[in-house]
Amino acid sequence: MKVGQAWKDASAKLAAGGIEDALMEGELLLRQTLKMERSEFYSGLSGELTTSELNRLKEFLTQRLTHKPSAYIRHVKEFYGLEFYVDERVLIPRPETELLVEKVLEMVHSRLTLRQAQGGEGLLIADIGTGSGAIAVALAVNLPRSRIFATDISGEALEVAEINCRKHGVADRVPLLSGDLLTPLPQPVDIIIANLPYVPDSELLNLAPEVRWYEPRLALSGGPDGLEYIRRLIDQGPAKLKPGGALLLEVGMGQAEVVAGMVHRYFLDVTVYSDLAGIPRVVGGEGITQMSLISGCLNLTF
Ligand SMILES: C[S@@+](CC[C@H](N)C(=O)[O-])C[C@H]1O[C@@H](n2cnc3c(N)ncnc32)[C@H](O)[C@@H]1O
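Residues numbered from 1 in each chain as written. Predicted model: local features only at pLDDT ≥ 70, side-chain atom pairs only at ≥ 80, totals over all residues. Heavy atoms only, no water.

Q: Just to check I follow, could you spell out the packing of helix α11 (residues 228-236) against helix α12 (residues 256-264) for this structure?
A: Helix packing for two helices is described by the angle between their axes and how far apart those axes are. Interaxial distance between α11 and α12 falls to 9 Å at its minimum, and their mutual angle equals 20°. Considering their axes alone, α11 and α12 lie roughly parallel with respect to each other. Of the two possible hands of crossing, α11 and α12 adopt the one that is right-handed. Two secondary-structure elements touch here, α11 through Ile230, Arg231 and Ile234 and α12 through Val259, Met262 and Val263. Taken together, the residues of the contact of α11 with α12 sort by class into five nonpolar, no polar and one charged. (Axes fitted to C-alpha atoms, helices over the stretch in contact; angles between N-to-C directions. Helix = DSSP H or I, 4+ residues; strand = E, 2+ residues; numbered from the N terminus. Parallel < 35°, antiparallel > 145°, perpendicular 65-115°, else oblique. Left-handed = near helix turned anticlockwise from the far one by under 90°. Contact = heavy atoms within 4.5 Å. Nonpolar A, V, L, I, M, F, W, Y, C, P; charged D, E, K, R; others polar.)

Structure, rendered in structure tokens:
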């Protein structure tokens, strides 16, 4: 069978099985079968598939028709221009999370204090709930003089993060730490960033089958109002930030205002950034209040 015909058939099967974007999904699975880049695929549509390639494509289609995400079938997901290994131990990095990376890079390049830190002992960053390590690795690649603590409560997720740190040659600058939120951090840092689970428990059942059936529940479920982890992280933040430090958090749709209010209890300057779809997606806090510094030293929350 010719590649073009196989693409047409595969897309039709996927569409009939209720898979969205069937044409694009068919292309991804066929390119994985043929191990081809996009341009090579488009110029090779009249080529013939071998029997073993046809069998491999059939196997990929069977998996995708169970709603297994293509990223878990192909074991690859692009994030911030880099390729990451992914499997069912970690959340598949989302495009909207690139905003967190972008805002950290902007902050580092525009703030004198942070630049000085980078020129001195080096900038210290903490990525909390690192999952595949996508955020930490993207930052390490783009900030070659920085050190990024990447933490997760899931030992399985840290195994995947380690694969990605090695793949991108940043393992020596990205220590992987196991534990709850900020507790594994050995010292205060300049910037804390986190994309923690934020789906309210009542909404878990409404998620697409790809997410609900395959992505780790630990990476999704944010408790009754979705803010269980975010709330705790904000309370712990000031004690683990250096003076002049900043906190940046990804939030779900409709959560930015409430989270901005929580951040304002500890930080003087609070900013909400929207993603490309116009959804308020990242809440940032800078300028820790004096009261937070005192209560952080005394281990108090208020
Ligand atoms: C939404 S995923 C984000 C993964 C990755 N940072 C990304 O953006 O693709 C949340 C991650 O937080 C981790 N996590 C959940 N509860 C945690 C906790 N109490 N402390 C640290 N990490 C936690 C999960 O295991 C998961 O890897």
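There's more to say after this.
Q: What exactly am I supposed to notice about the site of the ligand here?
A: The environment of the ligand is formed by 18 residues, the closest being Gly129, Asp152, Asp180, Leu181 and Asn195. Within the contact set of the ligand, an oxygen atom lies 2.6 Å away from a side-chain nitrogen or oxygen of Asp152. At 2.8 Å from an oxygen atom of the ligand is found a side-chain nitrogen or oxygen belonging to Asn195. Relative to its unbound accessible surface of 600 Å², the ligand loses 97% to contact with the protein. For the shell around the ligand, the per-class residue count stands at nine nonpolar, seven polar and two charged. (Near = heavy atom within 4 Å. Polar contact = N/O pair within 3.5 Å; in protein donor to acceptor, adjacent residues only side chain to side chain. Areas by Shrake-Rupley, 256 points an atom, 1.4 Å probe, with all protein chains shown as cover.)

Q: What am I meant to see in unusual backbone geometry here?
A: In most cases, non-glycine residues show a negative phi, while peptide bonds are predominantly trans. Within the chain, His67 stands out as a residue other than glycine whose phi angle is a positive 75°. Mapped onto the elements of the fold, His67 is located in the loop between α4 (51-64) and α5 (70-74). A relative accessible area of 15% places His67 in the buried class. Notably, Tyr80 is not glycine yet its phi reads approximately 50°, a positive angle. Classification of Tyr80 by relative accessible area gives partly exposed; the value is 25%. (Buried < 20%, exposed > 50% of the residue type's maximum accessible area, 1.4 Å probe, protein only.)

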